[in-house]
Amino acid sequence: MTGVLPVTLGDATKVVQALLYSGKEYACVMKLHADVSDACVRRVLEEFEDLVYQRPPLRASVKHQLRTRRIYYLDFLEMDGRNVLFRVGCEGGTYIRKLCYDVGEVLGCGAHMQELRRTRAGPFIEDDSVTLHDVAYWFGEWEGSNDETFLRRFVQPMENALALVPKIYIRDSAVDAICYGARLTAPGVLRIESGLVKGSMVAILTLKGEAVALGRTVMDVEEIMTIEHGVVATTERVLMSRGTYLRCWKSGEKRND
Amino acid sequence: MPRTVAPWEVKRELLVKAEDKTSSKYGCSPEARQADDYLQHGVVNLDKPSGPSSHEVAAWVKRILKLQAVGHGGTLEA
């Protein structure tokens, strides 16, 4: 299997959570075990769009339990003899091998996954991916010259991994408390993306665009926009080091003096 | 029934609740991070070759870049 694999470096590894559940896209070659008309194949592929039921393979380090996964789209691209090329956009954790097997079952003749290439992982796409050779080469160029532009040839800021996560931008004064796991309250909110409902995962960022934490909203965006006080989101994963921004909060002890 | 929208197809607007400035005294915009700081907070969009596992490939990146830790976003296994 080849394709887009986001590799998080150092402290950026904390954003991995946002990527694991984000969508993926693959180009896949499925081999049918008998000759089938392409109209038939197209029809069956269409049936697999939306919800599918899968049990992860025993060898995956995941509970071997039936679970649902969403197929966002399944596009038949071309067919050559018994080889079917299709593109599929799906939720993270969808087993394409099982999808091919199931398509084969519905067709009646059986099928298996011949080849798979990931063309998207969350916001990362093939077009700006780099090879291991590129990494070694540009890293060497950077070490030799200390020219920052070489680093930027193959490394992106970790915030790019959060591109598909709805965002909340906060005041400087609210930042440090969040780095200690504090919940985000209404006065700290400056900007917020539309469409957020209660329970949505959010990326909490500074006005400079730095990731502070991953959190979860406790109310819909409309309410967050109107209220003056109260908690609007809980902090689930702190991404910024404490002390990066000024401490503008007092510990419980001091407050009770 | 309209099909489910993929996360990268969702269009969002940025709503402004309040205005404020950010100080230049602390923090740093992601693109402006320097050298080691940029690297330690970076992600590589890697085109994985066939053969080695996702874990092995991530380990190679770690070795090439001389880092203490790496992670990867989603196993690409055969």
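Check the entry above for the structure.
Residues numbered from 1 in each chain as written. Chains lettered and ligands numbered in written order. Predicted model: local features only at pLDDT ≥ 70, side-chain atom pairs only at ≥ 80, totals over all residues. Heavy atoms only, no water.

## Things to note about the overall build of chain B
Counted only if it meets this: Every helix listed is a DSSP run of H or I at least four residues long, and every strand listed is a run of E at least two residues long, numbered separately from the N terminus. Our radius of gyration is a C-alpha quantity, and the globule rule it is checked against amounts to 2.2 Å times the number of residues to the power 0.38. When a residue's accessible area, from a 1.4 Å probe over protein chains only, is under 20% of the maximum for its type it is buried; when over 50% it is exposed; and in between it is partly exposed.
Within chain B one finds two helices and three strands. Ordered by position in the sequence, the α and β elements of chain B form the string β-α-β-α-β. Over its C-alpha trace chain B gives a radius of gyration of 19 Å, far above what one expects of a compact globule, namely 12 Å for 78 residues. Overall, the C-alpha framework of chain B stretches about 50 × 50 × 15 Å when taken along its three principal axes. Sorting the 78 residues of chain B into buried and exposed places 40% on the buried side.

## Notes on the overall build of chain A
Applied cut-off: In this analysis, two residues are considered to be in contact whenever any of their non-hydrogen atoms come within 4.5 Å of each other. Methods summary: accessible areas were calculated by the Shrake-Rupley approach with a probe of 1.4 Å, and residue burial reflects only the protein chains presented.
A count of helical and extended segments in chain A gives eight helices and 14 strands. Expected size for 257 residues packed as a compact globule is a radius of gyration near 18 Å; at 23 Å, chain A overshoots this value by more than 25%. For chain A, the spread of C-alpha atoms along the principal axes amounts to about 80 × 50 × 30 Å. Here the analysis covers contacts within chain A between residues at least 6 apart in sequence; of these, 64% occur between residues at least 24 apart. On chain A, roughly 12,100 Å² of surface is accessible, and the fraction owed to carbon and sulfur atoms is 47%.

## Digging into helix α3 (residues 96-107) of chain A
All names here are of chain A. Put simply, the rule reads: Expected helix span is taken as 1.5 Å per residue step, with the number of steps being one fewer than the number of residues.
Between the first and last C-alpha of α3 there are 16 Å, a value that for twelve residues agrees with the 16 Å anticipated at 1.5 Å per step. Where α3 is concerned, the buried positions are Ile96, Leu99, Cys100, Asp102, Val103, Gly104 and Leu107. Considering only its buried residues, α3 is in contact with β2 (24-32), α2 (38-47), β3 (50-54), β4 (67-80), β5 (83-90) and β6 (111-121). Where α3 ends, the next residue or the one after it, glycine 108, has phi of about 95°, a positive value.

## A word on the environment of alanine 6 of chain B
On the secondary structure map, alanine 6 of chain B appears in the segment before β1 (14-16). When sequence neighbours within four positions are dropped, the list of residues in contact with alanine 6 of chain B reads Tyr72 and Tyr73 of chain A.

## Some words on helix α6 (residues 172-179) of chain A
Residue and element names in this part refer to chain A. Extensive coverage of α6 is indicated by the burial of seven of its eight residues. On its buried side, α6 packs onto β9 (167-170), β10 (184-185), β12 (201-206), β13 (211-217) and β14 (231-238). Downstream of α6 by one or two residues, glycine 181 has phi in the positive range, about 95°.

## Some remarks on the packing of aromatic side chains
Note the following rule: Two rings belonging to Phe, Tyr or Trp (six-membered ring only in the last case) form a pair when the distance between their centres is within 6.5 Å. Interplanar angles under 30 degrees mark stacking, angles over 60 mark edge-to-face geometry, and anything in between is tilted. By the criterion adopted, a ring carries a charge over it if an Arg CZ or a Lys NZ lies within 6 Å of its centre and within 35 degrees of its normal.
One pass over the full model with this rule turns up six aromatic pairs over all chains. Ring geometry for tyrosine 137 of chain A and tryptophan 138 of chain A: centres 4.9 Å apart, planes at 75°, overall edge-to-face. Overall, tyrosine 137 of chain A belongs to the partly exposed group, its relative accessible area being 46%. When its relative accessible area of 16% is taken as the criterion, tryptophan 138 of chain A is described as buried. In this structure an aromatic cluster arises from ring pairing among Tyr72 and Tyr73 of chain A together with Trp8 of chain B. Seen from the ring of tyrosine 38 of chain B, arginine 152 of chain A lies directly overhead, with NZ or CZ sitting 3.9 Å from the centre. Positioned over the ring face of tyrosine 180 of chain A is arginine 247 of chain A, at 5.8 Å from the centre of the ring.

Remember that the coordinates give geometry; whether it matters functionally is a separate question.
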